[in-house]
Amino acid sequence: MDQPDPTAPPLPVPTGAGISIPRQQVDYLLLAVLVRIQHLRHAEARTLLDALLALGHRTTEVLMAKAVVENELGNHAEVLAILTQLDRIDPPQFREGRKADPRVRMRSFLQARATYALHGELDAEGRAALDFYLRQGRTGQGP
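Going along each chain's sequence as written, the residues are numbered from 1 onward. Reporting in this predicted model follows two pLDDT cut-offs: at least 70 for local features of residues, and 80 or more for side-chain atom pairs to be given and counted; totals over whole chains, interfaces and linings ignore these cut-offs and use all residues. Just so you know, side-chain values use all the structure's heavy atoms and leave hydrogens and water out.

1. Some thoughts on a nonpolar patch on the surface
Inference 1: Patch membership is restricted to residues that have no salt bridge and whose relative accessible area is over 30%. Joining uses 9 Å for like charges and 5 Å for the nonpolar side chains Val, Leu, Ile, Met, Phe, Trp and Tyr. To be clear on the numbers: accessible area is Shrake-Rupley with a 1.4 Å probe, and residue cover counts the displayed protein chains and nothing else. Take a side-chain nitrogen of Lys or Arg and a carboxyl oxygen of Asp or Glu: if they are within 4 Å of each other, that pair is a salt bridge. Together, Tyr 28, Leu 31, Leu 34 and Val 35 make up an exposed nonpolar region whose accessible area comes to about 390 Å².
Inference 2: Helix and strand definitions follow DSSP, with helices as H or I runs of at least four residues and strands as E runs of at least two, each counted in order from the N terminus. Note on placement: Leu 31 falls in helix α1 (residues 23–38).

Now the structure itself:
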């Protein structure tokens, strides 16, 4: 068999910038992530999410899934970094008299949990996040 020429330059490694996959395939990969999370296979879920992020799919769904997986793996600093990104690209919107979106409530829980795990106590921002999470769970207001 022919052996590769050791003096040949290495092939370029493709980056995600020029690669695009259809939305249907992104949805399928997110479904595969969900199944892995349900089966407690968080490392595999992280690998799929990292691949989506490398391909440039920085959507709120992908970032939220990544925050959940990193939370389950105990990477609390990474959770806070992802939540900061989410707040920049999709700031939570509150409407008077309406219950908050469940994703916003989940963000509050993740922020409070990660803050406590990193510092052993809740700072003012962590307490506010926990308070918001708890208040939204007790209110009987509908959408």
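Next comes the rest of the account.
2. A few points about the pattern of salt bridges
Inference 1: Scanning all chains against the criterion turns up eight salt bridges.
Inference 2: Note that Arg 107 is salt-bridged to Asp 87, the shortest N-O span being 3.0 Å. Separated by 20 residues along the polypeptide, Arg 107 in helix α5 (residues 102–119) and Asp 87 in helix α4 (residues 76–89) bring together distant segments of the chain.
Inference 3: For Arg 107, a relative accessible area of 10% corresponds to the buried category.
Inference 4: Note on Asp 87: relative accessible area 37%, which makes it partly exposed.
Inference 5: One network of salt bridges, with partners in common, ties together Arg 46, Asp 50, Lys 66 and Glu 70. Between buried and exposed lies partly exposed: a residue is buried under 20% and exposed over 50% of the maximum accessible area for its type, with that area taken using a 1.4 Å probe on protein chains only.

3. Thoughts on the environment of Leu 29
Inference 1: On the secondary structure map, Leu 29 appears in helix α1.
Inference 2: Given the relative accessible area of 23%, Leu 29 is considered partly exposed.
Inference 3: Along the primary structure Leu 29 and Ala 45 are separated by 16 residues, whereas in three dimensions their C-alpha atoms are 9.4 Å apart.
Inference 4: Throughout, a residue-residue contact means that at least one pair of heavy atoms, one from each residue, lies within 4.5 Å. Those residues within four positions of Leu 29 in sequence are excluded, and the remaining contacts are Ile 21, Leu 48 and Leu 52.

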